[in-house]
Amino acid sequence: MGLNASVLAIDAGNSKTDVAVVAADGTVLATARGGGFRPPAVGVSTAVDTIADAVARAYAAAGVTSVAHVSACLANADLPVEEEQLTAALHARAWGGTVAVRNDTFAILRAGVAEPRGVAVVCGAGINCVGMRPDGRTARFPAIGRISGDWGGGWALAEEALWHAARAEDGRGAPTRLARTLPAHFGLDSMYALIEALHLEHVEYGRRHELTPVMFATAAEGDTVARSIVDRLADEVVTMATVALTRLDLLDEEVPVLLGGGVLTAGHARLDTGVRDRLAARAPKAVPRVVTASPVLGAALLGLDHLNASPEAQDRTKAHWQRPQLPTP
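Just so we're clear, the structure is a prediction, and the values are computed from it rather than from any experiment.

### Considering unusual backbone geometry
Phi at Asp 249 takes a positive value of approximately 60°, unusual for a residue other than glycine. Take Asp 249: it is sitting in the loop between helix H9 (224–247) and strand E9 (255–260). Not every positive phi belongs to a glycine, and Asn 308 is a case in point at roughly 55°. Inspection of the secondary structure assignment puts Asn 308 in the loop between helix H11 (295–306) and helix H12 (311–322).

So, in C-alpha coordinates, the structure goes:
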(Lines give C-alpha, C1' and ligand atoms only; values in the text may rest on other atoms or scores of the structure.)
Protein backbone atom coordinates (compact mmCIF):
# COMPACT_ATOMS: atom_id res chain seq x y z
CA MET A 1 0.00 0.00 0.00
CA GLY A 2 2.76 2.45 0.91
CA LEU A 3 1.82 6.07 0.50
CA ASN A 4 -1.24 5.22 -1.53
CA ALA A 5 -3.52 4.13 1.28
CA SER A 6 -2.77 4.97 4.89
CA VAL A 7 -5.94 6.42 6.39
CA LEU A 8 -9.62 6.27 5.58
CA ALA A 9 -11.17 9.20 7.46
CA ILE A 10 -14.92 9.11 8.04
CA ASP A 11 -17.05 11.85 9.55
CA ALA A 12 -20.63 10.61 9.62
CA GLY A 13 -23.29 12.94 10.97
CA ASN A 14 -27.06 12.78 11.11
CA SER A 15 -27.43 14.78 7.89
CA LYS A 16 -24.35 13.86 5.81
CA THR A 17 -21.25 11.71 5.65
CA ASP A 18 -17.81 12.86 4.47
CA VAL A 19 -14.94 10.48 3.78
CA ALA A 20 -11.34 11.02 2.72
CA VAL A 21 -8.46 8.76 1.70
CA VAL A 22 -5.15 10.08 3.01
CA ALA A 23 -1.62 8.95 2.19
CA ALA A 24 1.13 8.47 4.77
CA ASP A 25 2.70 11.80 3.79
CA GLY A 26 -0.61 13.59 4.44
CA THR A 27 -1.67 13.94 0.82
CA VAL A 28 -5.43 13.72 0.43
CA LEU A 29 -5.93 11.27 -2.42
CA ALA A 30 -9.72 11.45 -2.71
CA THR A 31 -12.87 12.59 -0.93
CA ALA A 32 -16.56 11.74 -1.25
CA ARG A 33 -19.84 12.67 0.40
CA GLY A 34 -22.80 10.49 1.30
CA GLY A 35 -26.09 10.67 3.13
CA GLY A 36 -26.83 10.90 6.83
CA PHE A 37 -25.75 8.26 9.34
CA ARG A 38 -28.69 7.32 11.59
CA PRO A 39 -28.35 3.82 13.11
CA PRO A 40 -31.16 4.36 15.67
CA ALA A 41 -33.60 5.06 12.83
CA VAL A 42 -32.55 2.53 10.19
CA GLY A 43 -30.34 -0.04 11.97
CA VAL A 44 -26.56 -0.40 12.00
CA SER A 45 -26.24 -2.39 8.76
CA THR A 46 -28.31 0.03 6.67
CA ALA A 47 -26.55 3.02 8.22
CA VAL A 48 -23.13 1.57 7.39
CA ASP A 49 -24.34 0.99 3.81
CA THR A 50 -24.61 4.76 3.51
CA ILE A 51 -20.96 5.10 4.49
CA ALA A 52 -20.02 2.24 2.16
CA ASP A 53 -21.36 4.07 -0.87
CA ALA A 54 -19.15 7.10 -0.17
CA VAL A 55 -16.15 4.88 0.64
CA ALA A 56 -16.52 3.00 -2.65
CA ARG A 57 -16.48 6.25 -4.60
CA ALA A 58 -13.48 7.59 -2.69
CA TYR A 59 -11.54 4.34 -3.08
CA ALA A 60 -12.28 4.29 -6.80
CA ALA A 61 -11.08 7.86 -7.20
CA ALA A 62 -7.92 7.14 -5.18
CA GLY A 63 -7.27 3.86 -6.98
CA VAL A 64 -7.09 1.79 -3.79
CA THR A 65 -9.04 -1.07 -2.26
CA SER A 66 -8.00 -0.77 1.40
CA VAL A 67 -6.01 1.34 3.86
CA ALA A 68 -3.80 0.76 6.89
CA HIS A 69 -6.21 2.39 9.34
CA VAL A 70 -9.84 3.47 9.41
CA SER A 71 -10.51 6.54 11.57
CA ALA A 72 -14.28 6.91 11.95
CA CYS A 73 -16.00 9.68 13.89
CA LEU A 74 -19.67 8.77 13.95
CA ALA A 75 -22.87 10.36 15.16
CA ASN A 76 -24.83 8.20 17.59
CA ALA A 77 -21.65 6.53 18.88
CA ASP A 78 -22.44 7.81 22.34
CA LEU A 79 -21.77 4.83 24.62
CA PRO A 80 -18.82 2.38 24.70
CA VAL A 81 -21.14 -0.48 23.73
CA GLU A 82 -22.25 1.49 20.66
CA GLU A 83 -18.63 2.22 19.72
CA GLU A 84 -17.85 -1.50 19.99
CA GLN A 85 -20.85 -2.43 17.85
CA LEU A 86 -19.97 0.12 15.18
CA THR A 87 -16.28 -0.85 15.24
CA ALA A 88 -17.25 -4.45 14.53
CA ALA A 89 -19.59 -3.37 11.74
CA LEU A 90 -16.90 -1.27 10.05
CA HIS A 91 -14.22 -3.90 10.54
CA ALA A 92 -16.47 -6.43 8.79
CA ARG A 93 -16.40 -4.25 5.67
CA ALA A 94 -12.62 -4.85 5.39
CA TRP A 95 -11.85 -1.25 4.47
CA GLY A 96 -8.60 -1.26 6.46
CA GLY A 97 -6.28 -3.18 8.72
CA THR A 98 -7.36 -1.46 11.94
CA VAL A 99 -10.49 0.48 12.88
CA ALA A 100 -11.02 3.16 15.52
CA VAL A 101 -14.52 4.52 16.14
CA ARG A 102 -15.21 7.67 18.15
CA ASN A 103 -18.14 9.99 18.61
CA ASP A 104 -18.26 12.61 15.86
CA THR A 105 -17.62 15.40 18.40
CA PHE A 106 -14.00 14.22 18.55
CA ALA A 107 -13.63 15.09 14.86
CA ILE A 108 -14.57 18.70 15.50
CA LEU A 109 -12.18 18.88 18.44
CA ARG A 110 -9.22 17.43 16.52
CA ALA A 111 -9.95 19.62 13.48
CA GLY A 112 -9.47 22.73 15.62
CA VAL A 113 -6.30 21.96 17.59
CA ALA A 114 -2.64 21.63 16.71
CA GLU A 115 -2.32 18.48 18.84
CA PRO A 116 -4.87 16.13 20.46
CA ARG A 117 -5.25 18.39 23.50
CA GLY A 118 -8.30 20.44 24.39
CA VAL A 119 -12.06 20.44 24.85
CA ALA A 120 -14.85 20.84 22.32
CA VAL A 121 -18.50 21.67 22.86
CA VAL A 122 -20.75 21.05 19.90
CA CYS A 123 -24.26 22.46 19.75
CA GLY A 124 -26.30 21.63 16.68
CA ALA A 125 -29.49 19.58 16.76
CA GLY A 126 -28.28 18.34 20.16
CA ILE A 127 -25.40 19.18 22.46
CA ASN A 128 -22.25 17.28 23.36
CA CYS A 129 -18.81 17.86 24.83
CA VAL A 130 -15.56 15.91 24.66
CA GLY A 131 -11.98 16.48 25.70
CA MET A 132 -8.66 14.77 25.12
CA ARG A 133 -5.01 14.79 26.06
CA PRO A 134 -2.03 13.55 23.99
CA ASP A 135 -1.56 10.68 26.47
CA GLY A 136 -4.88 9.22 25.34
CA ARG A 137 -7.02 10.34 28.27
CA THR A 138 -10.46 11.55 27.26
CA ALA A 139 -13.48 13.16 28.89
CA ARG A 140 -16.97 12.78 27.55
CA PHE A 141 -20.66 12.60 28.41
CA PRO A 142 -23.30 10.03 27.37
CA ALA A 143 -25.09 12.83 25.48
CA ILE A 144 -28.27 10.93 24.68
CA GLY A 145 -30.76 13.56 25.84
CA ARG A 146 -32.51 14.53 29.03
CA ILE A 147 -32.11 11.07 30.57
CA SER A 148 -28.33 11.64 30.58
CA GLY A 149 -28.68 15.15 32.00
CA ASP A 150 -28.37 17.07 28.75
CA TRP A 151 -30.07 20.31 27.86
CA GLY A 152 -29.38 22.39 24.78
CA GLY A 153 -29.18 21.97 21.05
CA GLY A 154 -31.61 23.20 18.44
CA TRP A 155 -34.42 20.82 19.34
CA ALA A 156 -34.30 21.63 23.06
CA LEU A 157 -34.17 25.37 22.38
CA ALA A 158 -37.23 25.18 20.14
CA GLU A 159 -39.08 23.10 22.74
CA GLU A 160 -38.19 25.56 25.49
CA ALA A 161 -39.33 28.52 23.40
CA LEU A 162 -42.65 26.80 22.67
CA TRP A 163 -43.16 26.04 26.39
CA HIS A 164 -42.65 29.66 27.42
CA ALA A 165 -44.76 30.99 24.54
CA ALA A 166 -47.68 28.71 25.34
CA ARG A 167 -47.68 29.70 29.00
CA ALA A 168 -47.39 33.37 28.14
CA GLU A 169 -50.47 33.22 25.93
CA ASP A 170 -52.70 31.46 28.45
CA GLY A 171 -51.48 33.38 31.49
CA ARG A 172 -49.47 30.71 33.30
CA GLY A 173 -46.16 32.34 32.45
CA ALA A 174 -44.44 35.68 31.99
CA PRO A 175 -45.27 37.73 28.90
CA THR A 176 -42.97 37.16 25.92
CA ARG A 177 -42.93 38.14 22.26
CA LEU A 178 -42.29 34.47 21.50
CA ALA A 179 -46.06 34.00 21.79
CA ARG A 180 -46.32 36.02 18.57
CA THR A 181 -43.06 35.38 16.74
CA LEU A 182 -43.21 31.57 16.90
CA PRO A 183 -46.69 31.14 15.35
CA ALA A 184 -46.02 33.98 12.90
CA HIS A 185 -43.14 31.94 11.45
CA PHE A 186 -45.73 29.47 10.16
CA GLY A 187 -48.26 32.14 9.17
CA LEU A 188 -50.41 31.58 12.26
CA ASP A 189 -51.86 34.19 14.60
CA SER A 190 -51.69 32.51 18.01
CA MET A 191 -49.90 29.91 20.04
CA TYR A 192 -53.15 27.97 20.30
CA ALA A 193 -53.19 27.69 16.50
CA LEU A 194 -49.55 26.60 16.46
CA ILE A 195 -50.08 24.02 19.21
CA GLU A 196 -52.99 22.57 17.27
CA ALA A 197 -51.01 22.55 14.00
CA LEU A 198 -48.07 20.76 15.62
CA HIS A 199 -50.23 18.27 17.49
CA LEU A 200 -52.27 17.35 14.41
CA GLU A 201 -49.10 17.44 12.25
CA HIS A 202 -50.45 20.13 9.95
CA VAL A 203 -46.95 21.48 10.55
CA GLU A 204 -44.52 18.58 10.15
CA TYR A 205 -42.71 17.51 13.30
CA GLY A 206 -39.32 18.01 11.68
CA ARG A 207 -40.02 21.69 11.09
CA ARG A 208 -39.87 22.50 14.80
CA HIS A 209 -36.13 23.15 14.43
CA GLU A 210 -37.03 26.22 12.35
CA LEU A 211 -38.17 27.90 15.57
CA THR A 212 -34.66 28.04 17.04
CA PRO A 213 -33.48 30.92 14.82
CA VAL A 214 -36.79 32.66 15.57
CA MET A 215 -36.04 32.36 19.28
CA PHE A 216 -32.57 33.87 18.80
CA ALA A 217 -33.98 36.72 16.69
CA THR A 218 -36.58 37.45 19.39
CA ALA A 219 -33.82 37.49 22.01
CA ALA A 220 -31.77 39.89 19.89
CA GLU A 221 -34.76 42.24 19.86
CA GLY A 222 -34.60 42.41 23.65
CA ASP A 223 -37.24 39.93 24.79
CA THR A 224 -36.52 38.98 28.40
CA VAL A 225 -37.77 35.39 28.22
CA ALA A 226 -35.98 34.62 24.96
CA ARG A 227 -32.80 36.10 26.41
CA SER A 228 -33.13 33.85 29.44
CA ILE A 229 -33.13 30.80 27.14
CA VAL A 230 -29.98 32.03 25.41
CA ASP A 231 -28.31 32.69 28.75
CA ARG A 232 -29.22 29.23 29.99
CA LEU A 233 -27.55 27.74 26.91
CA ALA A 234 -24.40 29.78 27.54
CA ASP A 235 -24.37 28.41 31.10
CA GLU A 236 -24.77 24.86 29.85
CA VAL A 237 -21.98 25.16 27.27
CA VAL A 238 -19.54 26.51 29.84
CA THR A 239 -20.57 24.00 32.51
CA MET A 240 -19.85 21.10 30.16
CA ALA A 241 -16.51 22.59 29.09
CA THR A 242 -15.45 23.28 32.68
CA VAL A 243 -16.31 19.77 33.85
CA ALA A 244 -14.34 18.26 30.95
CA LEU A 245 -11.34 20.49 31.69
CA THR A 246 -11.49 19.49 35.36
CA ARG A 247 -11.65 15.77 34.57
CA LEU A 248 -8.56 16.08 32.38
CA ASP A 249 -6.62 18.22 34.90
CA LEU A 250 -6.48 21.03 32.34
CA LEU A 251 -8.38 23.69 34.28
CA ASP A 252 -5.18 25.45 35.32
CA GLU A 253 -3.46 25.26 31.93
CA GLU A 254 -3.82 27.38 28.82
CA VAL A 255 -5.88 25.10 26.61
CA PRO A 256 -8.26 25.57 23.67
CA VAL A 257 -12.01 25.22 24.11
CA LEU A 258 -13.47 24.67 20.66
CA LEU A 259 -17.04 25.67 19.87
CA GLY A 260 -18.72 23.90 16.97
CA GLY A 261 -22.09 23.01 15.50
CA GLY A 262 -24.70 25.15 13.83
CA VAL A 263 -25.90 26.98 16.95
CA LEU A 264 -22.43 27.92 18.25
CA THR A 265 -21.05 28.94 14.85
CA ALA A 266 -24.04 31.07 13.81
CA GLY A 267 -22.70 34.29 15.30
CA HIS A 268 -25.45 34.93 17.87
CA ALA A 269 -23.94 37.91 19.72
CA ARG A 270 -25.55 37.35 23.12
CA LEU A 271 -24.69 33.65 23.13
CA ASP A 272 -21.10 34.27 22.00
CA THR A 273 -20.55 36.94 24.64
CA GLY A 274 -22.25 34.87 27.31
CA VAL A 275 -20.08 31.84 26.64
CA ARG A 276 -16.85 33.85 26.62
CA ASP A 277 -17.70 35.81 29.79
CA ARG A 278 -18.73 32.71 31.73
CA LEU A 279 -15.70 30.75 30.54
CA ALA A 280 -13.39 33.60 31.59
CA ALA A 281 -14.93 33.46 35.07
CA ARG A 282 -14.89 29.68 35.52
CA ALA A 283 -11.81 28.66 33.49
CA PRO A 284 -9.67 31.80 33.08
CA LYS A 285 -6.87 30.07 31.20
CA ALA A 286 -9.15 28.45 28.62
CA VAL A 287 -8.96 29.91 25.13
CA PRO A 288 -12.35 29.79 23.38
CA ARG A 289 -12.36 29.45 19.60
CA VAL A 290 -15.06 28.79 17.04
CA VAL A 291 -14.24 25.86 14.73
CA THR A 292 -15.38 26.11 11.14
CA ALA A 293 -12.97 23.52 9.68
CA SER A 294 -14.48 20.44 8.08
CA PRO A 295 -14.90 17.71 10.72
CA VAL A 296 -13.54 15.07 8.33
CA LEU A 297 -10.19 16.85 8.71
CA GLY A 298 -10.34 15.95 12.40
CA ALA A 299 -11.02 12.31 11.58
CA ALA A 300 -8.04 12.32 9.21
CA LEU A 301 -5.74 13.87 11.82
CA LEU A 302 -6.83 11.33 14.41
CA GLY A 303 -5.93 8.63 11.90
CA LEU A 304 -2.53 10.16 11.30
CA ASP A 305 -2.04 10.42 15.09
CA HIS A 306 -2.71 6.68 15.30
CA LEU A 307 0.00 6.03 12.71
CA ASN A 308 2.47 8.43 14.38
CA ALA A 309 2.61 10.54 11.23
CA SER A 310 5.06 13.42 11.07
CA PRO A 311 4.03 17.03 11.75
CA GLU A 312 4.74 17.71 8.07
CA ALA A 313 2.22 15.07 7.03
CA GLN A 314 -0.40 16.56 9.33
CA ASP A 315 0.29 20.05 7.96
CA ARG A 316 -0.15 18.74 4.42
CA THR A 317 -3.53 17.26 5.34
CA LYS A 318 -4.63 20.51 7.01
CA ALA A 319 -3.58 22.50 3.95
CA HIS A 320 -5.95 20.47 1.79
CA TRP A 321 -8.99 21.76 3.67
CA GLN A 322 -7.62 25.27 4.10
CA ARG A 323 -7.64 25.98 0.38
CA PRO A 324 -10.87 26.63 -1.57
CA GLN A 325 -12.70 23.35 -2.05
CA LEU A 326 -14.35 22.02 -5.17
CA PRO A 327 -17.75 20.36 -4.70
CA THR A 328 -17.37 16.89 -3.18
CA PRO A 329 -18.69 14.10 -5.47
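### Focus on the nonpolar core
Looking at soluble globular proteins, one finds that nonpolar side chains tend to be buried together. In terms of nonpolar packing, the biggest core is built from 54 residues, with Leu 178, Leu 182, Met 215, Leu 233 and Leu 271 touching the most fellow members. Considering each element in turn, this core owes the most residues, twelve residues, to H9. Dropping the residues within four chain positions of it, Leu 271 is found in contact with Phe 216, Val 230, Leu 233, Ala 234, Val 263 and Leu 264. In this structure, Val 19, Val 44, Leu 86 and Ala 89 belong to the second largest nonpolar core, which totals 31 residues.

### Comments concerning the environment of Lys 318
With respect to the helices, strands and loops of the structure, Lys 318 is situated in helix H12. For the pair Lys 318 and Ala 293, spaced 25 residues apart in the sequence, the C-alpha separation amounts to 9.3 Å. Look past the residues within four positions of Lys 318 in its chain and what remains in contact with it is Val 113, Ala 114, Leu 297 and Leu 301.

### Observations concerning the sheet that holds strand E7 (residues 127–132)
Across the sheet, five strands lie side by side as E8-E7-E6-E9-E10; this open sheet has mixed pairing. Here the strands that pair on one side only, and so sit at the sheet edges, are strand E8 (138–140) and strand E10 (286–290). Pairs of neighbouring strands in the sheet enclose a mean axial angle of 15°, with direction left out of account. Direction of pairing for E9 relative to E10: parallel, over a ladder of five bridges. Bridge pairing in E10 places Val 257 opposite Pro 288. Its contacts with the sheet place H9 against strand E6 (118–123), E7, E8, E9 and E10, and it is angled at close to 25° to E7.

What counts and what doesn't
- Residues numbered from 1 in each chain as written.
- Predicted model: local features only at pLDDT ≥ 70, side-chain atom pairs only at ≥ 80, totals over all residues.
- Heavy atoms only, no water.
- Helix = DSSP H or I, 4+ residues; strand = E, 2+ residues; numbered from the N terminus.
- Core = buried A, V, L, I, M, F, W, Y, C linked by side-chain atoms within 4.5 Å.
- Buried < 20%, exposed > 50% of the residue type's maximum accessible area, 1.4 Å probe, protein only.
- Contact = heavy atoms within 4.5 Å.
- Pairing = 2+ DSSP bridges.
- Axes fitted to C-alpha atoms, helices over the stretch in contact; angles between N-to-C directions.

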